[in-house]
Amino acid sequence: MSSGGVPSAAATSSSQCCGQHGSRGHSARRAPPLAIHEQEVGVADTLQLEPLTEEAFVANLQQRFKRDLIYTSAGDVLVSVNPYKKLALYSLDVVEAYRNRPILSHLPPHIFALADKAHWNLRERNEEQCVVVSGESGSGKTEAARIVLQYVTVAGSGPSGAQQDPALAPIKLIRDRLLQAGPLLEAFGNAKTHKNDNSSRFGKYLDVEFDFKGDPVGGTFTSYLLEKSRVTRQLAGERNFHIFYQLLTGADIQLLKSLKLHRNIDNYAFLRPSRPLSMETIDDKRDFQVTKKALETLGFSAEDVVQIFKVVASVLKLGNIGFTPTSNIDGTEGCTVTNDYELFEVCGLLGTNPMELTSALTQRTILAGPVLDSPSTNPAPPPPPPSCGSLRGVKSGGCSSSAAGTPPSFVPSSSMSSTASRDVYEVCEMLQHSTLARLTLADERGSTSTAGELVVADLSASEATASRDILCRALYSRLFAWLVKQVNDATRVRKYGKRKVLGILDIYGFEVFEQNGFEQFIINFCNEKLQQAVADCTLRQRQEEMLREGIEWTPVDFFNNTPVCELIEKNNHGILAVLDEESQRGGPGGDESFLARLCHTCGSSAYFETRNCAPHSAPSDLPCNTSVPPNCFRLRHYAGTVTYGVTGFVDKNNDTLPLDLSLAMFRCEHPLLKNLFPEGNPKRTTLKRAASAGTQFKISVGALMGNLQSKTPHFVRCIKPNELKQPRIFENALVQHQVRYLCLVQTIKVRKSSFAHSESYESFLHRYKMLSPHTWPSWRGSAVEGASYLLRDLPLSSPHFAFGRTRIFVRGERTVAELEEFRRQRLEDLAALVQKMWRGYRCRQRYILMRQSQIVIASAWRSWRVRVQVYEWQIGKTRLFKGKKNLFCLYRVAREEYRELKRRKQIEWAVQVIQTHYLQWRRRQFLQRLCVSLPSESPMCREWPAAAKRLSDTSLLLRRIHHKWRCHKYRLKFDQTARNRMREKVTASIIFRDRKASYPRSVSHPFLGDYVRLRQNVQWKKICVETNDQYVVFADIINKITRSSGKFVPILFVLSTSSMLILDQRTLQIKYRVPAADIYRLSLSPYLDDVAIFHIKAVSLSIEFIFFFL
Ligand SMILES: Nc1ncnc2c1ncn2[C@@H]1O[C@H](COP(=O)(O)OP(=O)(O)OP(=O)(O)O)[C@@H](O)[C@H]1O
Ligand SMILES: [Mg+2]
């Protein structure tokens, strides 16, 4: 909170980052301010420190600290030493210098450099980032986190960009809200402690969400366990939460009046006892304005603000309520409110009935007698409620004066089943009009069995005070939680689109007081976990990675705090588990019993001590360890040994609010209280017992660690130079202690002998592939091979890289920066190329369009002019073509016509050319198609591919040629016999074709002549020799038509080369023999009847033979 004096230095100077000065554009580059370039003092980057020892490291820090150089680089970690004074390190100039610095420039270590790297990674590498700030209380974590937030919120559009561009107004609003959330939460969650005047009493993790440009679009705050015990009790010299003092000091008189407050702090019991004498580092009055402004910026209405302050005022006033002991008639102790006017005023603020509040504070409704419970959940007998040691003034079955008109309420027993609780709720509702408090509770299985009695018990004065304190703590802590929720609503992302997150962790610092309680235990556990996460990342994982990747490595030892973490959080056996068991068990003496069980469970740990068990001793030995006070246990944390008093551990872990109080608060008219005490609603059906404070914290810290591990971390280790909170004092021993437990020297050693950056081959190649012609634009081989090609093409020497099994390692930050610079230049070149091509293309397109438009317009204009001229001439208005002007018109008409003719001619020519080419193309197509689809080579085949009409002649011609060709091929296959047969066929064709209907039928049959195989007949052989008819040309059985009767007579008809013979078909006896010379004609029927007539010339007579050939 800026109330801490020096923080306001950071706040004021850093607020300049938000663009209140200057109007510099995002890309403007100025020379870095002188402060950045000042001569290097000591060693800024301790990787170069020689010799690298703890002493040398501390001396170096001191040397730099003296010259106000508070940031020193230690490997992957930035060390920040709290200067406790305003430094000119956070001005706008410095922001700009880091924001716009060239990649290869060398600027001194600075938190801006770290924030810039995180933001750059987020923007350029598209990886989620987190900045983890750690250190002990008062070391400057909150300041560092605030500076990081201020830097990253302006790093996108720049500090002044958002102010000027109205489109960036939403970004500015989010930026302002994110920045204002800090002061608001600090006002309510920070307090002055011995360690720090502005000590965070809650843990805070902020996820800032960015759009693709790197501008913030929203954020989510997560708060971790507020130290609410501070509301009612502070150590001497410490203060309550800032807001109480701010309200009393800063509020105007009207506001105070409306809140029924007085300005004097001493009037309030919760502020009075610990009031420090001088508070020159805190200006509450000014800080109140800051808080009010923050509330306004975050969108709280004036009404909301008043309601918030009413709750704060109520807490203060409740703290003033005292209780006077009274004795009841039955001899038990009761109490009454001492200062009724305070109570009335509280009731006025909260909008409730004084009687109701009084009974909620001074009475407790409890279940007396056996209470049903599920046996599996808690077999132990039901304990009395934590804040009520015994029952006094029990009023049952009748109307008590104190309860008159007041609805009864009850304390939910930890052993009560939820069903039973619900029943009790219903009864409570019912009892709003009745005072009968005897009930029968049904067990969870529905059986009606043993009864529990709902009774109202008076509280003693001390119990009522405790009850009042519980209420105050609950009121305040719930108000705080509500505020965080409202802040998150105000900073919620409202834009759609891809977003990346940068987390900033500012958790409460490690602390050791003279008396340490549950709160310190929780705070230190959180720090322990954080230390484990940082050591894991910077030391363990890095070393393991080197070994895993097969890179030569000498292990570096470091303090591993995992056993301490396990000691605290281990399931079943850890301190938190034991505490939970004890909290569930309830009953008196919980804290002592807790300690005893701790001794039993954790006694064997080397990091744990109690009075009864020393380190390394078995619990059975139980030697008396007088160094540990009674009722205490001691833990050896990474940052030192802390002794915790167990008093209050169980109650604080239980963290239950008596239901009387919840009911009373819920019934108040104050609009916030219904939200803050939802469990007070009698209509609520779920009454699940909340997890204990310790378990809740363990779960949320576990989730936080998981969240951090999923992001790329950046570490800021804050160091406190002195316990006096004074500038210019550097306590060597104190710093050395911190350097040691933060393992800074080991971190540097590990970093020194390892590599600055490692990346999988795939992602390395993906990022830098444009740097090599081998790998750009795409690489198809293995990623390792691609990476080695890439490196070969770069002007970087190979010792800067190492090839692991799955990852590539880059030795130094400078090499990484060089790679990035090469990439940037190459991307610029590529972008210029793309731009060039695009601009050229655009210009060409525009020129073509303009040229065409110009031609169209010009020709339209000309023809219009000519038409007008011609028209005017036609109607005799103008004497066309006379004089210079008309001649010019004539010339234009002629020119137009000439152009038109020329154009037509051109078109004709073009048509011709196109036609010719088209036809050629069609022909080509046809021929190509024909080639592959020629019909069979058989001369008988009649198929032929179809052709376009235009190509039918060509197709016919080709068909003929093809046919001739296949006939030729067919003929080539002939032997002499086939040739003779063909000759016969051709002769037959010449004679019979188109003359005889049966001719086509015979074409396919070869001509045999001797169809009855006469030539082989022995008898015939004898006969033919006699008649000289050896050469038979034709022989077949045919029908002879007799002349007399016209009957068909089958005969053997033979034609030889010398005669025609008619023989008996069976006996082969010659009936007629006509010499060939006597046959003077042969007639054939043109029809299908196969009739042939042989005309014979005879000396005596002329005979005709008519045959019917079958
Ligand atoms: N960079 C800085 N410049 C000037 N003063 C600083 C700086 N860092 C810290 N301080 C001073 O140190 C004080 C303590 O710092 P801060 O509140 O950040 O500590 P812390 O580590 O958050 O402590 P805790 O764990 O108690 O919350 C601040 O109030 C401020 O006065
Ligand atoms: Mg802090």
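Residues numbered from 1 in each chain as written. Chains lettered and ligands numbered in written order. Predicted model: local features only at pLDDT ≥ 70, side-chain atom pairs only at ≥ 80, totals over all residues. Heavy atoms only, no water.

With that settled, the discussion passes to the sheet that holds strand E17 (residues 757-760). Strand order in this open sheet of 3 strands is E17-E19-E18, and the pairing throughout is antiparallel. Both edges of this open sheet fall to E17 and strand E18 (801-803), since each of them pairs with a single strand only. Going from strand to strand, the sheet's axes swing by 20° on average, the running direction of each strand aside. Where E18 lies against strand E19 (residues 807-810), 3 bridges are found, and the strand directions are antiparallel. Bridge pairing in E19 places Ala802 opposite Phe809. Packed onto the sheet, helix H27 (residues 761-768) meets E17, E18 and E19 and runs at close to 100° relative to E17. (Pairing = 2+ DSSP bridges. Helix = DSSP H or I, 4+ residues; strand = E, 2+ residues; numbered from the N terminus. Axes fitted to C-alpha atoms, helices over the stretch in contact; angles between N-to-C directions. Contact = heavy atoms within 4.5 Å.)

This part takes up the coordination of the magnesium ion (ligand 2). Protein coordination at the magnesium ion (ligand 2): the donors are Thr142 (OG1) and Ser200 (OG), at 1.9 to 2.1 Å from the metal. With Thr142 in helix H6 (residues 141-155) and Ser200 in strand E5 (residues 199-200), the pair connects residues that are 58 residues apart, well separated along the chain. Judged by its relative accessible area of 11%, Thr142 falls in the buried class. (Donors = N, O, S within 2.8 Å, 3.2 Å for Na, K, Ca; no water. Buried < 20%, exposed > 50% of the residue type's maximum accessible area, 1.4 Å probe, protein only.)

Turning to the sheet that holds strand E13 (residues 608-610), a few remarks are in order. Spatially, E13-E14-E15 is the arrangement adopted by the 3 strands of the open sheet, whose pairing is antiparallel. Looking at the sheet topology across the chains shown, the edges are occupied by E13 and strand E15 (640-645). Averaged over all pairs of adjacent strands, the angle between strand axes in this sheet comes to 20°, irrespective of strand direction. Bridge analysis of E13 against strand E14 (residues 632-637) gives 3 bridges, and the strand direction is antiparallel. Paired with Thr610 across the bridge in E14 is Phe633.

With that settled, consider helix H20 (residues 590-602). The end-to-end C-alpha distance of H20 is 17 Å, a good match for the 18 Å that 13 residues give at a rise of 1.5 Å each. All buried positions along H20 are accounted for by Gly590, Asp591, Ser593, Phe594, Leu595, Leu598, Cys599 and Cys602. Those residues of H20 hidden inside the fold are in contact with helix H18 (562-569), helix H19 (575-585), E13, E14 and helix H21 (649-654). (Expected span 1.5 Å × (residues − 1).)

Attention now moves to the packing of helix H17 (residues 518-548) against helix H26 (residues 744-753). For the pair H17 and H26, interaxial distance at closest approach is 9 Å and the crossing angle is 30°. One finds that H17 runs roughly parallel with respect to H26. In the crossing of H17 with H26, the sense of the turn from one axis to the other is left-handed. Each of Thr538, Leu539, Arg542 and Gln543 in H17 lies in contact with H26, whose residues at this interface are Gln746, Thr747, Val750 and Arg751. (Parallel < 35°, antiparallel > 145°, perpendicular 65-115°, else oblique. Left-handed = near helix turned anticlockwise from the far one by under 90°.)

Structurally, the position occupied by Glu818 is in helix H29 (residues 813-874). Spatially, the C-alpha atoms of Glu818 and Pro795 are 9.8 Å apart, while their sequence positions differ by 23 residues. Beyond its immediate chain neighbours, meaning those up to four positions away, Glu818 contacts Leu104 and Leu796.

What follows deals with the UniProt feature "binding site: ATP" (unreviewed entry) in the protein chain. When the UniProt feature table is mapped to this numbering, "binding site: ATP" (unreviewed entry) covers Gly135, Glu136, Ser137, Gly138, Ser139, Gly140, Lys141 and Thr142. Position of Ser137 among the secondary structure elements: in the loop between strand E3 (129-134) and H6. Sequence-distant contacts of Ser137, that is, excluding residues within four places in its chain, are made with Thr193, Lys195, Asn196, Ser199, Gly509, Phe510, Glu511 and Lys720. You can see Gly140 is positioned in the loop between E3 and H6. The residues touching Gly140, leaving out its near neighbours within four places in the chain, are Asn82 and Cys718. (UniProt positions renumbered as here; feature names shortened; annotations may be inferred.)

Here the focus is the packing of helix H9 (residues 242-250) against helix H12 (residues 302-320). Across the interface, H9 lies against H12 with an axial gap of 11 Å and an inter-helix angle of 100°. Put simply, H9 runs roughly perpendicular to H12. Counting all contacts with H9, which are made through Ile243, Phe244, Leu247 and Leu248, the residues of H12 involved are Phe309, Val312, Val315 and Leu316. Class assignment of the residues belonging to the contact of H9 with H12 gives a composition of 8 nonpolar, no polar and no charged. (Nonpolar A, V, L, I, M, F, W, Y, C, P; charged D, E, K, R; others polar.)

Looking now at the pattern of salt bridges. Applying the stated criterion across every chain, the model contains 55 salt bridges. Close ionic contact of Lys711 with Asp207 constitutes a salt bridge, the shortest N to O distance being 3.5 Å. You can see Lys711 sitting in the loop between helix H24 (693-709) and strand E16 (712-719) and its partner Asp207 sitting in strand E6 (residues 203-210), a full 504 residues away along the chain. Linking Arg230 and Glu227 is a salt bridge whose minimum nitrogen-to-oxygen distance equals 2.6 Å. Classification of Glu227 by relative accessible area gives buried; the value is 7%. (Salt bridge = Lys/Arg side-chain N within 4 Å of Asp/Glu carboxyl O.)

The next point concerns the environment of Leu318. Mapped onto the secondary structure, Leu318 falls in helix H12. Judged by its relative accessible area of 0%, Leu318 is buried. Placed 150 residues apart in sequence, Leu318 and Arg468 show a C-alpha to C-alpha distance of 7.0 Å. Beyond its immediate sequence surroundings of up to four residues, Leu318 is in contact with Val346, Leu361, Arg468, Leu471, Cys472 and Leu475.

This part covers the pairing of E14. The buried count for E14 comes to 5 of 6 residues, which makes it a mostly enclosed element. Taken together, the 6 bridges between E14 and E15 define a ladder with antiparallel strand orientation. The partner of Leu635 across the bridge, within E15, is Val642.

According to the stated counting rule, one finds 34 aromatic pairs in the structure shown. Between Tyr98 and Phe112 the ring centres are 6.3 Å apart and the planes differ by 70°, which places this aromatic pair in the edge-to-face class. Highlighted residues: Tyr98 in helix H4 (residues 92-99) and Phe112 in helix H5 (residues 111-125), separated in sequence by 14 residues. Exposure remark for Tyr98: the relative accessible area of 1% places this residue in the buried category. The exposure class of Phe112 is buried, given its relative accessible area of 1%. Both rings, one in Phe633 and one in Tyr644, keep their centres 5.4 Å apart while their planes meet at 35°; by these two values the pair is tilted. Taken as a pair, Phe633 in strand E14 and Tyr644 in strand E15 lie far apart in primary sequence, 11 residues in all. Both residues of the pair, Phe633 and Tyr644, belong to the buried class. One aromatic cluster is present, built from ring pairs that chain together Phe518, Phe521, Phe594, Phe608, Phe633, Tyr644 and Phe649. (Phe/Tyr/Trp six-rings, centres within 6.5 Å; stacked < 30°, edge-to-face > 60°.)

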